[in-house]
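So you can see what is in the structure, the chains are spelled out below.
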Amino acid sequence: MRVFLTGGAGYIGSHTLLEILSKAHEVCVYDDYSNSAPVALMRVERLSNRTFQAVTGDVLDQGSLAKALVDFKPDVVVHFAGKKAVGESVAKPLMYYENNVVGTLSLLRGMEAAGCKRIVFSSSATVYGEPQYLPLDEKHPLAATNPYGQTKLMVEHILRDWCAAREGASAVLLRYFNPVGAHDSGQIGEDPNDIPNNLMPFVSQVAVGRRAKLQVFGGDYDTKDGTGVRDYIHVVDLAKAHAAAISYAEAHKGCEAINVGTGQGVSVLDVVKAFEQGSGQPVPYEVVARRPGDVAACYADASKAESLLGWQATRDLADMCETAWKWQSQNPNGYAAP
Ligand code: UFG
């Protein structure tokens, strides 16, 4: 199959790229490197021993995107390109609606011009809003609590309508829980631009000495140790879920939303302990006030992924922490030069 990846140089994109190259697909990456680095692609090339095309461009540049699609003629598009910081989306909502929603419309127009009818979309468990029950299955009501979440929800609606209107089209909406960890080589990993918003990159930067201590947001939740509980999923497992979704989209028509998680709830303090073990480094922390907008617990019912995609998470928390540490310790400044 010919696979077109928007945002293929990013954290999840680069791991998925490596995974699908191992399946012998022909690939074209489209990325503007606004939150990623070209060096990630060079490393994937080396690790995979394969070549692939790469086009530099913004999804909002409809001319450039349509040309790349028409030239490459993909069988399927995997759409990662988008903004993903919740706090930033509250401060800059228009930027989020423009990049994530208008960017997807631009992509769909380009796909129509190129005759491509299959898409795998990088959605998020954020579309469930505040959990009304746990574990979250795909039938849970949808709600968004911030502009970032709204954009994921809107794109899901757009893809569902697009699919219904186009004969033979298929869309797989992968609702990620909390992706963490890195490739076993330690050559590619998560490299946040600024101060990390997410737990695992923050913990890694504390362990490597880039930051003094972790702030644990809330110690008084109704959870086993009072800290927030999430469903952390190894990025390599997530990459394999994309490979399975590509095969699914090839064989099936219509639109399916599918959770991608382990089904296990893990607390912030569980992560801290596992990271200390995996890295051999101390992770000093202090418990501070809750972060506005956070929920106590969020984890997946991941059974639909197993029944439809034949996919299941295989990697545990220790593996997530060990690989995150391998990446962080080998690349203390991420992809930037030391
Ligand atoms: N946390 C801390 N300290 C930090 C960062 C996070 O204690 O410095 C805690 C949070 O309070 C939460 C847990 O660690 O309990 C996980 O927080 P993350 O920010 O890593 O992840 P979230 O679950 O808040 O958010 C993630 C994605 C969002 C997505 C959301 C819901 O980052 O994009 O899941 O699916 F919207």
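The coordinates are above.
What comes next is a walk through the structure. (Residues numbered from 1 in each chain as written. Predicted model: local features only at pLDDT ≥ 70, side-chain atom pairs only at ≥ 80, totals over all residues. Heavy atoms only, no water.)

1. Some points on the sheet that holds strand 4 (residues 76-79)
Working step 1: The strand order across the open sheet built from seven strands is 3-2-1-4-5-6-11, with neighbouring strands paired in parallel fashion. Looking at strand neighbours, the two that pair on one side only are strand 3 (53-56) and strand 11 (254-260), the edges of this open sheet. Taken over all neighbouring pairs, the strand axes of this sheet differ in orientation by 20 degrees on average, direction set aside.
Working step 2: Across four bridges, the pairing between strand 1 (residues 2-6) and strand 4 is parallel. Directly across from F4, in strand 4, lies its bridge partner V77.
Working step 3: Across the sheet, helix 6 (residues 147-165) is in contact with strand 5 (118-124), strand 6 (170-176) and strand 11; its angle to strand 5 comes to roughly 155 degrees. (Pairing = 2+ DSSP bridges. Helix = DSSP H or I, 4+ residues; strand = E, 2+ residues; numbered from the N terminus. Axes fitted to C-alpha atoms, helices over the stretch in contact; angles between N-to-C directions. Contact = heavy atoms within 4.5 Å.)

2. Quick word on the site of the ligand
Working step 1: Around the ligand lies a shell of 18 residues, among which N198, Q215, R230, R291 and D294 are the nearest.
Working step 2: The contact in question runs from an oxygen atom of the ligand to an N or O atom on the backbone of L199, over 2.8 Å.
Working step 3: In this structure, an oxygen atom belonging to the ligand sits 2.6 Å away from a side-chain N or O atom of R230.
Working step 4: The fraction of the free accessible surface of the ligand (680 Å²) that becomes covered by protein chains is 88%.
Working step 5: Counting residues per element, the shell around the ligand draws most heavily on strand 8 (residues 214-217), which supplies four residues.
Working step 6: Its residues assigned to classes, the shell around the ligand shows eight nonpolar, seven polar and three charged. (Near = heavy atom within 4 Å. Polar contact = N/O pair within 3.5 Å; in protein donor to acceptor, adjacent residues only side chain to side chain. Areas by Shrake-Rupley, 256 points an atom, 1.4 Å probe, with all protein chains shown as cover. Nonpolar A, V, L, I, M, F, W, Y, C, P; charged D, E, K, R; others polar.)

Coordinates in, geometry out; function isn't part of it.
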